[in-house]
Amino acid sequence: MKKINFTEQIKGASKEIPCDLIIKNISIVDTFGQDLFISDVAIKNEYIVGIGNYTGKNTIDGTNKYICPGLVDAHAHIESSLTTPNEYSKIALLHGVTSLIADPHEIGNVLGIEGIKLLMDLSKNIPFDFYFMLPSCVPSTPFENSGAILNNEDLIPLYNNKKVLGLGEVMDCASVTNCKDDMIAKLLSSIKRNKIIDGHGAGLTIDNINAYCTANIRTDHECSNANEAIEKLRRGMYIFLREGTVAKNLKELISIASIKNSRRLCFCTDDKHIDDLIATGTIDSSIRLAIEFGLNPSTAIQMATINPCECYGLRNTGAIAPGYKADFIILDDLNSFKISEVYKDGKLVVSNNTIVYKETSKIDLTNFKNTIKLPKLNESSFKIDIENKNFLNIIEINKNKLESNHLKIKISELKMGSEFVSSTKQDYLKVAVIERHNNTGNIGLGVLKGLNLKKGAIATTIAHDSHNLIVCGTNDSDMLMASKNLKDIGGGIVIVSNGKVLSSVQLEIAGLITARPFNELLDDLTSLYISLKEVSPNIDFNPFLTLSFLSLPVIPDIKITDKGLFNVLNFEFIPVAE
C-alpha cells in the first residue's frame, strides 16, 4: 500500500501548498445531508482535502456537471460473474463502482482456503477496492457434499488480512438457533475482532430474526417483501436491496425507503453474470431504478455510497468531503445517472465509457484447474422409478426469484410406465445433481417444472453453494452427454441437443470462473444464448442461474442436492415419488 503524506494533505487543505487536482464549480452530491450544492473540490495525494475556493496544479471545469462518490456494491459473489477480479473490476469501473464487498464462498466450497486466497491474490494491484467476508457456511448445510469443509479454526488466520471485514452470509439458520459449536465459534471470532457479520435471512420467522440479531448478524439481502424488511430494520439490521441476474427485490422493497430509514439501506448485486453486468449495469442500475420508482437521487446515491461504507467500517470512503478517498464519479446528468468520468484514488480510470489505466501482471492459475471428478455415468444414472407410487414431488421454478414452489401431483395423471420420462408437453423435466468434488458417486434426482426446454439438455458446474454438477433435460441421452462434456472442458455451462454440443462456456478455474478476457467470455455467452433459443424458443429468464440456485437447500420451498430432493421448510429429504 502506498504511503500517503498526511502533512501534505493538511497543507493542501489549508492552501499552503497547491493541490494535485481541482474540480471547479461542480454540483456536489452531499451523501450526509441528501442534498446538492455547488463548490470546488480539491484533491491531494489520493484524498479529497477541501471543498471551497481552490487552485491547483490541474483543473477541471465542472460547470453543469455533478460529482458523487464512487459506488459500493455491498454484497457480491465475484464468481457469479464467471470471471476474475481483474476482469470484473473493468466492468464495475465502467459503471461507477469503485469498491465491492465480496463473499468468496463459491470458490471456498470448491477449493477451500486456497480458493479464498486465490481470489484475494487476484484482487491485488488493481485500481479497485475488493474487500472480503469470510465464508461462514462451507458447506452451506450438512445436506450436501462440497469440495471443502471450513471450520472456525480454518478461518481465523485470514482475519489478519486488512481486506477482510468480517464473517460472510450466515445461511445456516438452524446452526445459529441450535447454538452449534462451530457456528458459535465463528460468530464469536468475528465479534471479538469488532467485525461485521452478514446474514442470509430467507424465510426467517420473527423468533429467528431475533436470534440472528442477538447473534450480532447485522445485514440481510434476502428480503422478498416490505413487511419482512421493516421487521429486520426495526431490529437494527442493514437491509440490502438486491438486483442480481435472477434475484431482483428492489421493486418490492423500494417503497420502504424514506429519509427516516435510508441510512440503514444499501444496494447489492449478490449474483450477476458478466453479460448482465455489461448490458444493464451494476449498482448504477439500482440507482436509476430507485429514482424511477420515485426516490430522491441524493438518497439513492447515499444508499450506494456512504451507507455500505458505514455498515462495514470503511471510515474514509463514501463521501465527497475532506479526509475521504478521492474515489468519485463525474456525472453529465443526475436523474439518469449518466457517467462521464470515474476516478480511483484521485486518478482517472474511466473516460467516455473507456478504461484508461494500464493493467498489471497476471497470476499463474494452473493449480486451480481440473476440479471435475465424476463417477462413471450412463443413461440409467438418471432413472426415476415410479412403479407402485402414487405421488410425484416436483420443484416448480419462480421466474427471477430464488424461491421455488413444491408441487405434488398424482402419478396416474402422467400416464407413464414404471419409469418417469421427461414431458415437454407438460413441462415436467428430469433434473439431477451429481457430486463432482470427491467422486462419491452421489446423484440426486428430481423433477422440475418451469424451465420450458423443448429438446436437449443444459448443465452447469455452477450449483450454489456446493457447486456440484446440475443437469436438466428432456432425455437421458442428452443429459449424459452434457455431464460428460463438462468434465472434458474442466467445468462451465453447456447446451446439448440430439447428441450434439450446441454451445458451451469453459470455466476452467474451479469450474466457476475463467481467466480469459471478458470480451471473449461475452462472445461465448452470446453463442450460448443463441443456442438456448434452439432448445427453448420462448425462454424469458436466465435458465442457467435459475438452475444454479435449485441446489441451494436454504431457500424455500424445495431444492435438490447431490443427496436428493430436499424440503427446505421442514428441513428434511423427501422421495421424488411416494
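The structure displayed is predicted, hence computed values, not measured ones. (Residues numbered from 1 in each chain as written. Predicted model: local features only at pLDDT ≥ 70, side-chain atom pairs only at ≥ 80, totals over all residues. Heavy atoms only, no water.)

Novice: What is the right way to read the overall build of the protein chain from this model?
Specialist: When its secondary structure is counted, the protein chain shows 17 helices and 28 strands. Rg of the C-alpha trace for the protein chain: 24 Å, near the compact-globule value of 25 Å for 578 residues, within the 12% margin. Viewed in the frame of its principal axes, the protein chain has a C-alpha envelope of about 85 × 50 × 45 Å. Burial statistics for the protein chain: of 578 residues in total, 61% are counted as buried. Long-range contacts, defined here as pairs at least 24 residues apart, represent 68% of the contacts in the protein chain between residues at least 6 apart. Within the structure as shown, the protein chain displays about 21900 Å² of accessible surface, and the carbon and sulfur contribution to it stands at 47%. Distance between charge centres in the protein chain, computed from 60 positive and 68 negative side chains, equals 2 Å. (Helix = DSSP H or I, 4+ residues; strand = E, 2+ residues; numbered from the N terminus. Rg over C-alpha atoms; globule rule 2.2 N^0.38 Å. Buried < 20%, exposed > 50% of the residue type's maximum accessible area, 1.4 Å probe, protein only. Contact = heavy atoms within 4.5 Å. Areas by Shrake-Rupley, 256 points an atom, 1.4 Å probe, with all protein chains shown as cover. Lys, Arg positive; Asp, Glu negative; His and termini not counted. Charge placed at Lys NZ, Arg CZ, Asp CG, Glu CD.)

Novice: I tried to follow the sheet that holds strand β26 (residues 558-561) on my own but got confused; where do I start?
Specialist: Backbone hydrogen bonds hold the strands of a sheet together, and the pairing may be parallel or antiparallel. If you walk across this open sheet you meet the three strands as β26-β27-β28, and the pairing is antiparallel. The sheet is open, and its two edges are formed by β26 and β28 (572-574), each paired on a single side. Strand-to-strand twist across the sheet, computed as the mean angle between neighbouring axes with direction ignored, equals 40°. With four bridges joining them, β26 and strand β27 (residues 564-567) adopt antiparallel strand pairing. The residue bridging Ile560 from the neighbouring strand is Leu565, located in β27. (Pairing = 2+ DSSP bridges. Axes fitted to C-alpha atoms, helices over the stretch in contact; angles between N-to-C directions.)

Novice: Would you mind showing me how to read the UniProt feature "domain: Adenine deaminase C-terminal" (unreviewed entry) in the protein chain here?
Specialist: Within the UniProt annotation, "domain: Adenine deaminase C-terminal" (unreviewed entry) is assigned to residues 415-571. Overall, residues 415-571 shows 24% helix and 28% strand. The separation of its end C-alpha atoms is 31 Å. (UniProt positions renumbered as here; feature names shortened; annotations may be inferred.)

Novice: Help me out: how do you make sense of the UniProt feature "domain: Amidohydrolase-related" (unreviewed entry) in the protein chain in this one?
Specialist: The feature "domain: Amidohydrolase-related" (unreviewed entry), as given by UniProt, occupies residues 66-349 in the numbering adopted here. Segment residues 66-349 splits into 35% helix and 21% strand. End C-alpha atoms: 17 Å apart.

Novice: Hey, could you run me through the pattern of salt bridges in this one?
Specialist: A side chain of one charge can pair with a side chain of the opposite charge if their charged atoms are brought near each other. Counted by the stated rule, this structure contains 28 salt bridges. Lys232 serves as the salt-bridge partner of Asp220, at 2.9 Å between the closest nitrogen and oxygen. Taken together, the positions of Asp220 in strand β11 (residues 219-220) and Lys232 in helix α9 (residues 226-234) put the pair twelve residues apart, joining distant regions of the chain. Arg288 is paired through a salt bridge with Asp284; the nearest N and O atoms lie 3.0 Å apart. (Salt bridge = Lys/Arg side-chain N within 4 Å of Asp/Glu carboxyl O.)

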